[in-house]
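# Understanding the architecture of this molecule
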Amino acid sequence: MIRVENLVYRYGSQGDPVLRGIDLEIKRGEYLAVIGPNGCGKTTLVKHLNGLLRPSEGTVLVDGMDTSEGRSLREIRRKVGMVFQNPEVQIVGMTVEEDVAFGPGNLGLPPEEIRRRVEEAISFVGLETHARRSPHDLSSGEQQLLAVAGVLAMAPDCIILDEPTTYLDPAGTRKVLDVVARLHLQGVTLVHITHYMDEIVETDRVVVMDRGRIALSGSPPEVFSEQDILLDLGLEIPSVTAFMKKLRQMGVPVDPRVLTVEDACREITRLLERRP
Ligand code: ADP
């Protein structure tokens, strides 16, 4: 769905590039996590995926459309929606309904179609009882769900989430991640920047960035088995993986690639059942 070829990007005409030759392919329906230390270029990269930034060198193609070509931008932005870190700055409407209607309204769709999309998007994220409220009266978690609904109402093929849970409490985080998981099941392509390692264990693939380049790419178990590289970059490993690593250091022969609580329970049960 998205193809990035030798992407180089500089803010301004001079200075060192922030992105230094990125090659990346994102398949339709894929759930991709992007991780890396602060300032390594994650946000700069994803802003290229819907044409908010245009490459200094190289190309970015979305469904075959080049983001450098102005005439494709409208369609590219409809296909690839973005949810940013701070939910409050994404609010554009006086009520939840109005806020969600903003995007489809701009597409010039018939009023019935707009209404249908707004209702569907609000119900998908579970904000039905808040439809007539002011977005500013919602919790941060609800505001982020509203941002997701606003993007959903555009019927995008791909949604980019740039650290969407940073300002949320655990309950808000859970709700947003639940919505993201359901979007994945529905076949929406997802690109999720995060610095919470526990958030990416369910993704299909993880890309690790370092100083404007891709340092590592693979499935979550593959990437988290490279613990030394991750620790060198100042990144954490998921808490379950850290626990399994500790057990292994203590002489318990568990598989160190285990990432989820369910798999850890299975692994430990397997060991206990083997005991004489
Ligand atoms: P990350 O998302 O990994 O934290 P960013 O893509 O936000 O990294 O930033 C990468 C680098 O680009 C950083 O050094 C940052 O200071 C710089 N940068 C980001 N936005 C701008 C901007 N608008 N103008 C100039 N430099 C910027």
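Going by the structure above, here's the rest.
The structure contained in this document is the topic of the report that follows. (Residues numbered from 1 in each chain as written. Predicted model: local features only at pLDDT ≥ 70, side-chain atom pairs only at ≥ 80, totals over all residues. Heavy atoms only, no water.)

## Regarding the pattern of salt bridges
As a reminder, the rule being used: Whenever a carboxyl oxygen of Asp or Glu lies within 4 Å of a side-chain nitrogen of Lys or Arg, that contact is scored as a salt bridge. Secondary structure elements are taken from DSSP: a helix is a run of H or I of four residues or more, a strand is a run of E of two residues or more, and numbering for both begins at the N terminus. Here the term buried applies to any residue with accessible area under 20% of the maximum for its type, exposed to any over 50%, and partly exposed to those in between, with areas from a 1.4 Å probe on protein chains only.
Under the criterion given, the structure shown has 18 salt bridges. Salt-bridge contacts for aspartate 157 lead to lysine 79; the nearest nitrogen and oxygen are separated by 3.3 Å. Linking aspartate 157 in the loop between helix H5 (140-152) and strand E7 (158-162) with lysine 79 in helix H2 (residues 73-79), this pair joins segments that are 78 residues apart in sequence. Lysine 79 sits in the buried class, given a relative accessible area of 11%. Several salt bridges share partner residues, and in doing so they unite Arg28, Asp63, Lys79 and Asp157 into one network.

## Focus: helix H1 (residues 42-49)
When you tally the buried positions in H1, you get 6 out of 8 residues, the bulk of the element. Here H1 has its buried residues at Lys42, Thr44, Leu45, Val46, His48 and Leu49. A positive backbone phi angle near 75 degrees is found at glycine 51, which sits one or two residues after H1.

## A word on the nonpolar core
Put simply, the rule is: We define the nonpolar core as a collection of buried residues of types Ala, Val, Leu, Ile, Met, Phe, Trp, Tyr and Cys that are connected through side-chain atoms lying within 4.5 Å of one another.
Grouped together as the largest cluster of nonpolar side chains are 30 residues, with contacts concentrated most on Val100, Val125, Leu152, Ile159, Leu183 and Leu190. Among the elements of the structure, helix H3 (96-106), helix H4 (111-125), H5, E7 and helix H6 (170-185) are those that each provide at least two residues to this core. Core analysis: the second largest hydrophobic core is formed by 28 residues, Tyr9, Val60, Ile160 and Val207 among them.

## Section: the site of the ligand
Inclusion rule: We call a residue near a molecule or strand when any one of its heavy atoms sits within 4 Å of it. In protein, a polar contact means a hydrogen-donor-capable atom and an acceptor-capable atom, both N or O and within 3.5 Å, with residues adjacent in sequence counting only if both atoms are side-chain atoms; elsewhere, any N or O pair within 3.5 Å suffices. For the accessible areas, the method is Shrake-Rupley and the probe is 1.4 Å, while residue cover comes only from the protein chains on display.
The immediate surroundings of the ligand are formed by Tyr11, Val18, Pro37, Asn38, Gly39, Cys40, Gly41, Lys42, Thr43 and Thr44. Backbone polar atom of threonine 43 to an oxygen atom of the ligand: 2.9 Å apart, as the coordinates give it. Against a free-state accessible area of 560 Å², the protein chains account for coverage of 54% of the ligand.

## Brief notes about the packing of aromatic side chains
What counts, and what does not: Pairs were defined over the aromatic rings of Phe, Tyr and Trp, the Trp ring being its six-membered one, requiring ring centres within 6.5 Å. Orientation was assigned from the angle between planes: stacked under 30 degrees, edge-to-face over 60, tilted for the rest. Definition used: whenever NZ (Lys) or CZ (Arg) falls within 6 Å of the ring centre and also within 35 degrees of the ring normal, the charge is taken to sit over that ring.
Per the counting criterion, the structure on display carries 1 aromatic pair. Here the aromatic rings of tyrosine 9 and tyrosine 11 are separated by 4.9 Å at their centres, their planes lie at 90 degrees, and the arrangement is edge-to-face. In this structure, arginine 182 is placed above the aromatic ring of phenylalanine 124, and the distance from its NZ or CZ to the ring centre is 4.5 Å.

## A short note on the side chain of arginine 117
Which entries qualify depends on this criterion: Any two residues whose heavy atoms approach within 4.5 Å are treated as being in contact.
Mapped onto the secondary structure, arginine 117 falls in helix H4. Residue classification places arginine 117 among the buried residues on the basis of a relative accessible area of 16%. Ignoring sequence-local partners within four residues, the contact set of arginine 117 consists of Pro104, Leu107, Leu109, Ala153, Met154 and Ala155.

## As for the environment of threonine 189
Looking at where threonine 189 falls in the secondary structure, it is placed in strand E8 (residues 189-193). Distance in space between the C-alpha atoms of threonine 189 and leucine 272 is 40 Å, their sequence separation being 83 residues. Residues in contact with threonine 189, not counting those within four places in the same chain, are Met1, Ile26, Lys27, Arg28, Gly29, Glu30, Asp157, Cys158 and Ile159. Within the structure, threonine 189 has its side chain in polar contact with the backbone nitrogen of glycine 29 (distance 2.8 Å).

## A word on the sheet that holds strand E6 (residues 80-83)
The condition is simple: Only when DSSP finds a minimum of two bridges between them are two strands counted as paired. Between N-to-C directions, angles span 0 to 180 degrees; the directions come from axes that are lines fitted to C-alpha atoms, helices contributing only their stretch in contact.
An order of E6-E7-E8-E3-E9-E10 is seen for the 6 strands of this open sheet, with the pairing classed as mixed. Edge strands, defined here as strands with exactly one partner in the open sheet, are E6 and strand E10 (213-218). The mean angle between the axes of side-by-side strands here comes to 20 degrees, regardless of whether they run parallel or antiparallel. As judged from the 4 bridges shared by E6 and E7, these two strands associate in the parallel manner. Each bridged residue has a counterpart across the sheet, and for valine 80 the counterpart in E7 is cysteine 158. The strands touched by H5 within the sheet are E6 and E7, with E6 carrying the most contacts at an inclination of about 170 degrees. Strands in contact with H6 are strand E3 (31-35), E7 and E8; relative to E8, the strand with the most contacts, it is inclined by about 150 degrees.

## Focus: the sheet that holds strand E4 (residues 57-62)
What the 4 strands build is an open sheet, ordered E2-E1-E4-E5; its pairing is antiparallel. Each end of this open sheet is capped by a strand with a single partner; those strands are strand E2 (19-26) and strand E5 (65-66). Here 2 bridges tie E4 to E5, and the two strands are oriented antiparallel to one another. If you follow leucine 61 over to E5, its bridge partner there is aspartate 66.

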